[in-house]
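Below, each chain spelled out in residue letters.
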Amino acid sequence: MKRRTFLKNTGLASAALFAPAFLQRPSLVTNGKILIVVQLSGGNDGLNTVIPYRNDKYYELRPDLAIARQDVLNLTDELGFNPSLEDLRPLYDQGHLSIINNVGYPNPDRSHFRSMDIWQTAANSNEYLTTGWLGRYLDSRCTGCDVPHHALEFGQGLSLALKGVDKRGFALNDIQQMARTNRNPLLRYLAQQDAHDHEHEQVAYLYKTLLETQSSTAYLLEKTEGKRTRANFPATPFGRDLRQVADLILAGSDTKIYYVSLGGFDTHANQAGPQGRLLSVYAEGMKALAEELQQHNLWQDTLVMTFSEFGRRVAQNGSRGTDHGAASNLFLMGGNLRQPGFYNEGPNLEDLLEGDLKYKVDFRQVYATVLDKWLAADAKSVIGKGFDGLGVL
Amino acid sequence: MSLRIKHLYQRAGFGLSPLEWQTKKSLSIPQAVDHLFQEADAATPLTVIDFEDLAETVTEDRRKAGRLLTQQYTLEWLDRMATPDESALLERLTLFWHDHFACRSVFGHLAIRQLHTLREHALGSFRDLCLAIARDPAMIRYLNNQQNKKNSPNENFARELLELFTIGPGNYTEQDIKEAARAFTGWGSTYKGEFRFRSGQHDYGTKTFMGQTGRFDGADIIDIILEQPATATFLVRKFWAYYVSAPADEDLIQSLSEQYLASDYNTGALLRSMFTADWFYAKEYQSQQIKSPVVLVSVLRRSLDISFNNPEAQLRLLRALGQSLFDPPNVAGWPGGRSWIDNATLMLRLNLGAGLLTKRELDLQFRDLPELEILSDPQTRKLDAEVNLQPLLALIDGNDLANDFQCLSDYLLATPARINIKDLAGLIDDTSGEERLRRMLLVILSSPEFQLS
C-alpha cells in the first residue's frame, strides 16, 4: 500500500501494516494469580463499615450516626457489617473474606492527597517517593514486558501506585472508548513512523509509548470483543469497571493486576445516606464479581484487596458526619484465603490518638504479604525491609 | 537565529503567538532577553485580599468557598501565562517557584498571597524569597509550623526547608533539623493571612546548627544555610532541570553555582546569564523537554488564540493531565519529565489540539474528586472554546502544501515531526483557506513532537 493513499484508504487497519506487537512477548510472572485492588477514595468510615456493636463508647461518641444494634449484620459477638453490606455476607460465610482491623501507619497524615500518596507509594509519612508499590513490582517482575497492559487501571489517568521507574501500568476509562480513540487514522499513521532516533531520546520515548498504547488497546479490545459477563453488576461506573475486569479475566487476558476505585467517601456532613449507598454499590459489585469468577473456577486464583486512604474520626462532628481520621479496616477477598474471617480484634475505642484509632497493622505488612505470598515477588525489594507478613494468605 | 528565538521563548516563557513570532523571530538573543526582563519589570503586582477572620471554626462551607476562590486564582494565572501582554518570563519563573516551594493551598486568600510572594521575589534575591516563604501563612499551615511550639516542636517545615527548599539531602544531620525546628518555633499565621510571631511559643535558647552556635531564630537559620556553597549548587541544579532539561554539564553547574553564590543568590542575574550564553542553545539541549501540562495548555492558547466559553474546563483538563495548580502531589512538587507521560495522558495530549480545533468533546471521567466540587459539574467535561486562526493564516501563503507545512512546523515544533506531509495530502488537498490551515494544524498538534520544547 502506498503511504500517499493512506488516509483515503478505508482499509486502514490492514493486518500486515498493523501487525500487533503482542504476538510474542514476555509477560508478567505471577504463577497465574490475579490481584484486584479496590480503592475507596475520600476516606471511608471504617467504624460504620464494620461496626463494634457491643461497644458503648461507639454509641456514646456517635449519637446520631451509630448503626443501631438491631440493624447490624452480626458477624461475631463483637463486630458486624453495616446493613448496606448485605451482599458481602455470603462471601464472609463461605470463608472468602478476611477483615484486617486497625490498619494504618505511623504518624498518620489526614490530608486525602498526602495519605493516598503514602498508601500508593508505600512510603513513610515523612518520605516522598515518585514510584508506586505496584509500579516497582512491575519493575522487578515484568522486566521484559514491552506492553503496559499487564497492570490495568480503570479511571482517568494512571495512579502513582502503578508507576515504576521503567515500567508503568495502563489506564483507561473504557475499552470501547479507548479503541475509538485508537482508530484515529492520524495517530495510527504516526505510530508507524520510524522514530528510533538516538539524537532525540524524548521523541523516541513518546513514539514508543504511542505504539505500546495502540498495541495494548488492540489486545484488550480483541480479548473482550463480543464477550459479556452474565452476572449482575451494578449499573454505575464502578459496576462497569468491575464488569470489564471480569470480562478480561474470563478471556484469559495477560493482565494480572487490576486497579479500580470508588469515590465519594468524604462524608463530613449527613454521612449515613451517602455512605450506605456507596457501600451497597461496593458490595453488589463484589458479589457479582465473585459469582462470575466462581462459576468459571477463577475465584481461587483471584485476590481482591480493598482499602481507603484513612478512616474517620471516632466521634461524629457537628453536622452528622465525620472528619478525617487514621487507622481503619482493610478487606481481602478471594477463594484462596488462609485465614478467613477476622484476622485480628476490633478497634480499641478507649485508646485513641487525637480522637482517631491507633494502627496495629502497618498497611505495608499487608502489601508484603500480597507480594510474597500471592504475586511471587520479593517484598523487600519492592517496599523495603521490616514489614512482616501476616500469614493471612 | 529564529531557531534560537523559538528555543528561548519555549523555555523561558510559553512560546510565541503568531504575531509575536513574526515580530520577534529576527531579534538577536540579547535583544530578546532584554525584552523579556523589561516585561517582567513592568508587570503589575497581584492584588492580595484579606479574609474575614474565620475565628475558631472552619466550616465545610468556608472550606468550599476557599477552594472555589483558589480555582478562580488558578484560572487568572492561566490567563496571564497565555496572554502576550503579560510577562511570560515572570509567570514561567513563578511556576518554577510554585513547584519548588510546593504547597497545597485550599484557602484562596492564602493561595493568592503566596503566589504574590513568589512572583514579587521571583527574579530577586533567593534569600528574601526563602524568608518570605518561611513567613507565608499557606506554607506555615501546609508544613505544620503553626503547631511548632517551644514545648512541642514540629519538625516538618525545618525538614523540608533543608531537604527540598535549599540545600538537599546529605548536607545536614537529623540534629540540624531539630535545632532548625526550634529556631522556627512560634512562627505562625492568622486565618486573615498574616504572619504572626508568637513570642510565648518561641524557643529563645541557644541552638547549634551546621556547626554554628547562637540564639538563632528562623532568619539566622536561613542565613547559615545560604552560606553553604552546596545550597547554590542544589538550586542551580533545579534551574537546570527546569530550563535546560537535559543531563547536567557538571562544569557549567559548578560555574553557575559559584556565580549564584557570589551574587548573593540573585536569581534574575543567574537566569540572564543562562539565557544569553551560547551553550543554552546547543543542539543537544533542544527539544529535550516534555512540556508540562500547564505549559502545554498555555502554548496552545497562545498559538491558537483560544477563548474559552467555559474556562473551568481547563481545571479538569489539567487534572487529567496531572498538574493541578495549588495542588501539587506533595511537598516535593511535580516530578516532571517523563513522569508526565503515561498511555492515558499521552493520548489526551495528542488529541487535545484536535479537540480544540474541531470542538470535539474530550472525555474526562474521573472516578473520584474529593474536595473538588467544581469539577463534578458535567459542563466541565467538554472544552468549549473558540480558536482564532486568522493570525496563523498570515504565516503561510496558502499554495504549496509542503512549504506551508514547513512554515507551521518551524513555528510550532522544536524538532521536525516524523511526518511526510505528502502521505497526508489526501486529508488536506481539497480544502482551502482556514479549513486547510485547520487540517494542517491538526496534523502538527497530533504529533508527539509537539509535546516537546
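Everything that follows concerns the structure shown earlier in this document.
Residues numbered from 1 in each chain as written. Chains lettered and ligands numbered in written order. Predicted model: local features only at pLDDT ≥ 70, side-chain atom pairs only at ≥ 80, totals over all residues. Heavy atoms only, no water.

Q: Looking at this model, I keep getting lost on the state of the cysteines. Mind explaining?
A: Each disulfide is one covalent bond, formed between the sulfur atoms of two cysteines. Throughout the structure, instances matching the rule amount to 1 disulfide over all chains. Covalently, A:Cys142 is tied to A:Cys145 through a disulfide, its sulfur atoms 1.8 Å apart. Residues A:Cys142 and A:Cys145 are joined through a disulfide that is left-handed, its torsion about the S-S bond being -95°. When its relative accessible area of 5% is taken as the criterion, A:Cys145 is described as buried. Summary of cysteine pairing: B:Cys103 is not part of a disulfide, and the nearest cysteine sulfur, belonging to B:Cys130, is at 14 Å. (Disulfide = S-S within 2.5 Å. Buried < 20%, exposed > 50% of the residue type's maximum accessible area, 1.4 Å probe, protein only.)

Q: Explain unusual backbone geometry to me, please; I cannot follow it from the model alone.
A: Among all residues except glycine, the phi angle is most often negative; among peptide bonds, the trans geometry is most common. Residue and element names in this part refer to chain B. Positive phi is not limited to glycine here, since Met210 has a value of about 45°. With respect to the helices and strands, the residue Met210 is situated in the loop between β3 (207–209) and β4 (212–214). The class of Met210 is buried, set by a relative accessible area of 17%. We note that Asp305 has phi near 50°; this positive angle belongs to a residue other than glycine. Its place among the elements puts Asp305 in the loop between α15 (293–304) and β5 (307–308). (Helix = DSSP H or I, 4+ residues; strand = E, 2+ residues; numbered from the N terminus.)

Q: Looking at this model, I keep getting lost on the side chain of B:Asn351. Mind explaining?
A: You can see B:Asn351 is positioned in helix α17 (residues 343–358). Residue class for B:Asn351 comes out buried when judged on its relative accessible area of 7%. Within polar-contact distance, the side chain of B:Asn351 engages the backbone oxygen of B:Met347 at 2.9 Å. Setting aside residues no more than four positions away along its own chain, B:Asn351 makes contact with A:Thr181, A:Asn184, A:Leu187, B:Arg360 and B:Leu362. (Polar contact = N/O pair within 3.5 Å; in protein donor to acceptor, adjacent residues only side chain to side chain. Contact = heavy atoms within 4.5 Å.)

Q: What exactly am I supposed to notice about the packing of helix α5 (residues 175–182) of chain A against helix α7 (residues 201–224) of chain A here?
A: Two measures define how a pair of helices packs: the angle their axes make with one another and the distance between the axes. Residues and elements named next belong to chain A. Across the interface, α5 lies against α7 with an axial gap of 9 Å and an inter-helix angle of 135°. Classified by the angle their axes make, α5 and α7 are oblique. For the element pair α5 and α7, the recorded crossing hand is left-handed. Of α7, the residues touching α5 (which contributes Ile175, Gln176, Met178, Ala179 and Asn182) are Thr213, Gln214, Thr217, Ala218, Leu220, Leu221 and Thr224. Its residues placed into classes, the contact of α5 with α7 shows 6 nonpolar, 6 polar and no charged. (Axes fitted to C-alpha atoms, helices over the stretch in contact; angles between N-to-C directions. Parallel < 35°, antiparallel > 145°, perpendicular 65-115°, else oblique. Left-handed = near helix turned anticlockwise from the far one by under 90°. Nonpolar A, V, L, I, M, F, W, Y, C, P; charged D, E, K, R; others polar.)

Q: Would you take a moment to explain the nonpolar core for this structure?
A: Burial of nonpolar side chains together is a common tendency in soluble globular proteins. The biggest cluster of nonpolar side chains holds 217 residues, and the ones touching the most others in it are A:Phe81, A:Tyr282, B:Trp97 and B:Phe275. For this core, the domains that each give at least three residues are domain 1 (140–244 + 246–265 + 280–286) and domain 2 (390–451) of chain B. If we skip the residues at most four places from it in the chain, B:Trp97 touches B:Leu118, B:Ala122, B:Phe126, B:Leu129, B:Phe239, B:Tyr260 and B:Thr267. Core analysis: the next-biggest nonpolar cluster, separate from the first, contains 47 residues, A:Tyr105, A:Ile257, A:Leu330 and A:Val382 among them. (Core = buried A, V, L, I, M, F, W, Y, C linked by side-chain atoms within 4.5 Å. Domains from an automatic or database assignment.)

Q: Explain the interface of chain A and chain B here, please?
A: It is common to give the size of an interface as the accessible area that goes away when the parts come together. The interface is formed by 56 residues belonging to chain A together with 52 residues belonging to chain B. Both faces combined, the contact of chain A with chain B buries some 4800 Å², and carbon together with sulfur accounts for 57% of it. Linking chain A to chain B there are 1 salt bridge. A salt bridge links A:Glu201 to B:Arg338, with the shortest nitrogen-to-oxygen separation between them at 3.5 Å. For the pair chain A and chain B, the interface holds 10 residue pairs in polar contact (both at pLDDT 80 or more). When residues of the side of chain A that touches chain B are assigned to their parent elements, the largest contribution, 9 residues, is made by α7(A). When grouped by side-chain class, the residues that make up the side of chain A that touches chain B number 20 nonpolar, 23 polar and 13 charged. (Buried area = accessible area lost by both parts, 1.4 Å probe. Salt bridge = Lys/Arg side-chain N within 4 Å of Asp/Glu carboxyl O.)

Q: Looking at this structure, I do not really get the pairing of strand β10 (residues 328–334) of chain A. What am I missing?
A: Residues and elements named next belong to chain A. Taking burial as the measure, the 7 residues of β10 include 7 buried ones, the bulk of the element. Sheet analysis places strand β5 (residues 97–104) next to β10, joined by 5 bridges and oriented antiparallel. For Leu97, the partnering residue across the bridge sits in β10 and is Met333. (Pairing = 2+ DSSP bridges.)

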